[in-house]
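Here's the letter readout for the chains.
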Amino acid sequence: MKLDILLGLQWGDEGKGKVVDYLAPKYNVVARFQGGPNAGHTLEFDGIKHVLHQIPSGIFRSDILNVIGNGVVLDPVIFKKEIEGLSKYNLSVLDNLCISKKAQIILPTHRLLDAAYEKSKGAKKIGSTLKGIGPTYQDKIARQGLRVGDTSLPNFKDKYQKLTQKHLQILEFYKADFQLDQLEKEFFEAVEFLKTFKLVESEYLINSELSGGSRVLAEGAQGSLLDIDFGSYPFVTSSNTTSAGVCSGLGVAPNSIGEVYGIFKAYCTRVGSGPFPTELFDADGETMQKVGNEFGATTGRPRRCGWLDLPALKYAIMINGVTQLYMMKADVLNVFNEIKVCTSYRRENGDIIDILPYEIVDEKLEPIYESLPGWNCSLDENKEFDSFPGELAGYVDYIEKAVGVPINMVSVGPDRTETVVRDTVEA
Ligand code: GDP
Ligand code: IMO
Ligand code: MG
């Protein structure tokens, strides 16, 4: 079988958790391939809202194997809290959750370093979630990180001490103020807890599942415009959030990839710093934030809001090889009489472009909009594409024509059931 990928095409928080949970019954395995506890994936069903940070969003389906792949950075302390938070739901996490021995471990000092680096940047800060993501990937690339498999080595504590000593020297340089004792106590307790789970060679596991006929879904975290290579660097996260990250983050070959589901909001949001050409600072932006309840699922920070950005969407589709689009949060636009879509940008020198230029971070791009009529009504009763109000059907059609990829799902509310799938798509 081929492995399918589901990932975000904007700046994260597109609704990946909801869709993975929705699609999960079609799959045998759900696997995270990058990122870590900077992610916050929300799932809503049976009147309960769940937010997952490190655990794949297939965890609530008892017959699905959930894998944390080698490309992930794992914080044992957050992992333990997350698992404990799930204990009331009687899930068999010890059976249906596996963790790659090659996943990197986030140490308490990685989190302290993240905070120290951000503080030192002042107004130019990235707006990191402060979960230690950047410093952990930094140690991975420097070939000095600790991996999940190391926790069973007799010299694990020595390795820990050696790396922590290096971190302490850097923290001293930044004059960081902290108490490590309690953090270390929690960390080592959490490491013992982590060791009770199935720690595996996940690349063998995933490939043998695929060759045995299982259906595997790779669950992206963050969004394509936060990719370390293709995002608005340096205002990005520290991993490849795009399709390419699946090959290195799970150990699957490019020719094993099947569908690439690209998830995008019917408008745009961004949390943290960095360029956002269509960002709104007016009543429309406030309405999107309020109606869409746009607050970060990990940090609670308000998300910046703006109109849909087609050059950015097309870029993400190109980088990822998206085969199907899923449009999220259409219901948030119910209250607008007019909907704007950015089709190109005017550069500071007056040139009109429809690509994301290298200079996006340093140059102000003025969005050029087209206006479409809003549908201005509730979508609660719209359970099929055919019953969409004409203006929503027109919005879907307009985007499909502009980007050349079909929109096969429209999400009209946070709940699992508030999902409208095109009837031509196989269930
Ligand atoms: P993720 O990180 O991509 O999984 O997305 P988040 O969970 O961080 O943010 C998406 C937010 O939108 C969550 O609060 C979801 O419950 C919510 N959500 C998802 N789909 C819809 C939708 O179609 N309509 C509305 N109103 N909310 C949605
Ligand atoms: P999900 O998976 C939205 C943003 C942060 C910051 C930048 C770097 O829920 O979509 P980091 O902590 O990685 O060093 O932060 O990336 N960011 C996210 N924004 N959704 C996320 O994840 C994010 N993960 C990181 O706000 O701007
Ligand atoms: Mg999120």
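Residues numbered from 1 in each chain as written. Chains lettered and ligands numbered in written order. Predicted model: local features only at pLDDT ≥ 70, side-chain atom pairs only at ≥ 80, totals over all residues. Heavy atoms only, no water.

Caption draft 1: Region of the structure containing the overall build of the chain. Counting secondary structure elements, the chain contains 12 helices and 20 strands. Overall size of the chain, expressed as C-alpha extent along the three principal axes, is 65 × 50 × 40 Å. When contacts within the chain are restricted to residue pairs at least 6 apart in sequence, those whose partners lie at least 24 apart make up 76%. Charge separation in the chain, taken as the distance between the mean sites of 46 positive and 57 negative side-chain charges, equals 6 Å. (Helix = DSSP H or I, 4+ residues; strand = E, 2+ residues; numbered from the N terminus. Contact = heavy atoms within 4.5 Å. Lys, Arg positive; Asp, Glu negative; His and termini not counted. Charge placed at Lys NZ, Arg CZ, Asp CG, Glu CD.)

Caption draft 2: Looking closely at the packing of aromatic side chains. Counted under the stated rule, the structure contains 16 aromatic pairs. Seen from their ring centres, Phe-60 and Tyr-89 are 6.0 Å apart, and the 75° between their planes marks the pair as edge-to-face. Of the two residues, Phe-60 is situated in the loop between strand E4 (48-52) and strand E5 (65-68) and Tyr-89 in the loop between helix H2 (76-86) and helix H3 (93-96); the sequence distance between them amounts to 29 residues. Owing to a relative accessible area of 27%, Tyr-89 belongs among the partly exposed residues under this scheme. Centroid distance Tyr-160 to Phe-187: 5.3 Å. Interplanar angle 25°. Geometry classified as stacked. Remark: Phe-187 occurs in helix H7 (residues 180-194) and Tyr-160 occurs in helix H6 (residues 156-173); sequence separation between them is 27 residues. In this structure, Tyr-160 and Phe-187 share a single accessibility class: buried. One aromatic cluster in this structure is built from Phe-156, Tyr-160, Phe-187 and Phe-188. Taking NZ or CZ as reference, Lys-80 lies 6.0 Å from the ring centre of Phe-193, over its face. (Phe/Tyr/Trp six-rings, centres within 6.5 Å; stacked < 30°, edge-to-face > 60°. Buried < 20%, exposed > 50% of the residue type's maximum accessible area, 1.4 Å probe, protein only. Lys NZ or Arg CZ within 6 Å of the ring centre and 35° of its normal.)

Caption draft 3: Spotlight on the pairing of strand E15 (residues 324-328). Most of E15 is tucked away, with five of its five residues classed as buried. Every second residue of E15 is oriented toward a common face, with Gln-324, Tyr-326 and Met-328 on one face and Leu-325 and Met-327 on the other, all of them buried. Examined bridge by bridge, strand E11 (residues 257-265) and E15 share five bridges and lie parallel to one another. Bridged to Phe-264 within E15 is Met-327. Bridging between E15 and strand E19 (residues 407-411) involves three bridges; their strand directions are parallel. Bridge pairing in E19 links Tyr-326 to Met-409. (Pairing = 2+ DSSP bridges.)

Caption draft 4: How the structure looks around the site of ligand 2. Residues in contact with ligand 2 amount to 20 residues; listed here are only the nearest, Lys-16, His-41, Thr-129, Gln-222 and Thr-237. Asp-13 places a polar main-chain atom, nitrogen or oxygen, 2.8 Å from an oxygen atom of ligand 2. A distance of 3.2 Å separates an oxygen atom of ligand 2 from a polar side-chain atom of Ser-128. Here ligand 2, which alone exposes 550 Å², has 97% of that area covered by the protein. Of the residues that constitute the shell around ligand 2, the class distribution is seven nonpolar, 10 polar and three charged. (Near = heavy atom within 4 Å. Polar contact = N/O pair within 3.5 Å; in protein donor to acceptor, adjacent residues only side chain to side chain. Areas by Shrake-Rupley, 256 points an atom, 1.4 Å probe, with all protein chains shown as cover. Nonpolar A, V, L, I, M, F, W, Y, C, P; charged D, E, K, R; others polar.)

Caption draft 5: Spatial organisation of the packing of helix H4 (residues 108-121) against helix H5 (residues 133-141). At their nearest, the axes of H4 and H5 sit 7 Å apart, and the two run at 115° to each other. Between H4 and H5, the angle is such that the two are roughly perpendicular. You can see that H4 and H5 cross each other, and the crossing is right-handed. Mapping the contact onto sequence places His-110, Leu-113, Asp-114 and Tyr-117 in H4 and Ile-133, Pro-135, Thr-136, Gln-138 and Asp-139 in H5. (Axes fitted to C-alpha atoms, helices over the stretch in contact; angles between N-to-C directions. Parallel < 35°, antiparallel > 145°, perpendicular 65-115°, else oblique. Left-handed = near helix turned anticlockwise from the far one by under 90°.)

Caption draft 6: Seen up close, the site of ligand 1. Close to ligand 1 lie 20 residues; Gly-15, Lys-16, Thr-42, Asp-331 and Ser-411 are nearest. The backbone of Gly-17 places a nitrogen or oxygen atom 2.8 Å from an oxygen atom of ligand 1. Contact between ligand 1 and Arg-303: an oxygen atom at 3.1 Å from a side-chain N or O atom of the residue. Look at ligand 1: alone it shows 580 Å² of surface, and the protein chains cover 94% of it.

Caption draft 7: Up close: the coordination of the magnesium ion (ligand 3). Surrounding the magnesium ion (ligand 3) are the protein donor atoms Asp-13 (OD) and Gly-40 (O), at 2.0 to 2.2 Å. Taken together, the positions of Asp-13 in the loop between strand E1 (3-8) and helix H1 (16-23) and Gly-40 in the loop between strand E2 (29-32) and strand E3 (41-45) put the pair 27 residues apart, joining distant regions of the chain. (Donors = N, O, S within 2.8 Å, 3.2 Å for Na, K, Ca; no water.)

Caption draft 8: How the structure looks around the pattern of salt bridges. Applying the stated rule across the entire model yields 20 salt bridges. For Arg-111, the salt bridge is made with Asp-75, and the minimal N-O distance between the two is 3.0 Å. On the criterion of sequence distance, the pair formed by Arg-111 in helix H4 and Asp-75 in the loop between strand E6 (73-74) and H2 is long-range, its members being 36 residues apart. Across the pair, exposure class does not vary: Arg-111 and Asp-75 are buried alike. Of the charged contacts in the structure, one is a salt bridge between Glu-279 and Arg-304, with a shortest N-O distance of 2.8 Å. (Salt bridge = Lys/Arg side-chain N within 4 Å of Asp/Glu carboxyl O.)

Caption draft 9: Main features of the pairing of E2. Burial of E2 is two-sided: the residues Val-29 and Ala-31 facing one way and the residues Val-30 and Arg-32 facing the other way are all buried. Here four bridges tie E2 to E5, and the two strands are oriented parallel to one another. Across the sheet, the residue bridging to Val-30 is Asn-66, located in E5. In terms of strand pairing, E2 meets strand E10 (residues 216-219) through four bridges, oriented parallel. Looking at the pairing, Val-30 lines up with Leu-217 of E10.

Caption draft 10: Representation of the environment of Ser-243. Mapped onto the fold, Ser-243 is located in the loop between E10 and helix H9 (244-250). The sequence separation of Ser-243 and Tyr-22 amounts to 221 residues, and the corresponding C-alpha distance is 20 Å. The contact partners of Ser-243, leaving out residues within four places of it in the chain, are Ile-5, Leu-7, Val-260 and Asn-320. At a separation of 2.7 Å, a polar atom in the side chain of Ser-243 contacts the main-chain carbonyl oxygen of Asn-320.

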